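Okay, here's what each chain looks like letter by letter:
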Amino acid sequence: MIDGWEIIVAEDQTSEYIEEITAEMIADGMEYSEKMPEMQIAAWEINETEKTAIIGVYELTPENQHLSDEDTGEWKINVRESSKPPEQKDTEK
């Protein structure tokens, strides 16, 4: 007991890594992250042969920079500031 909390030490039964990360999984994650303004994602490129993903961002933020530290098994993730300008919304109809 610590400050009224009961501490139980048990073996984790869910820690085995079951599935291998695929290019599709990374692309799905990018599509989800692209919708979050704080991620500032401009584009991404996935090379399945070399198991690398390059993520272009409009601006480096703490939120998008942490992607380089994600535990992705054999995959290497690089976050780089993109020179691509933000997409312009068409206001003419």
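Residues numbered from 1 in each chain as written. Predicted model: local features only at pLDDT ≥ 70, side-chain atom pairs only at ≥ 80, totals over all residues. Heavy atoms only, no water.

All right, on to the environment of V57 then. Here V57 lies in strand β2 (residues 52-57). Its relative accessible area of 0% is what places V57 among the buried residues. Ignoring anything within four residues of it in the chain, the contact list for V57 reads M39, Q40, I41, A42, N64, V79, R80, E81 and S82. (Helix = DSSP H or I, 4+ residues; strand = E, 2+ residues; numbered from the N terminus. Buried < 20%, exposed > 50% of the residue type's maximum accessible area, 1.4 Å probe, protein only. Contact = heavy atoms within 4.5 Å.)

Core analysis: the largest hydrophobic core is formed by 13 residues, its most contacted members being I26, M30, I41, I55 and L67. Listing elements by their share of this core, those giving two or more residues are α1 (23-34), β2 and β3 (76-81). When residues no more than four places from it in sequence are discounted, the contact partners of M30 are I41, W44, I55 and L67. (Core = buried A, V, L, I, M, F, W, Y, C linked by side-chain atoms within 4.5 Å.)

What follows deals with the sheet that holds β3. Sheet strands pair by backbone hydrogen bonding; their relative direction is either parallel or antiparallel. Strand order across the open sheet formed by 3 strands is β1-β2-β3, with mixed pairing between neighbours. On the outer flanks of this sheet lie β1 (41-47) and β3, each paired with one strand and no other. If you compare each strand with its neighbour and ignore which way they point, the axes differ by 15 degrees on average. Relative to β3, β2 is paired through 6 bridges, and the arrangement is parallel. Looking at β3, one finds that G56 is bridged to R80. Against the sheet, α1 contacts β1, β2 and β3, and its axis sits at roughly 180 degrees relative to β1. (Pairing = 2+ DSSP bridges. Axes fitted to C-alpha atoms, helices over the stretch in contact; angles between N-to-C directions.)

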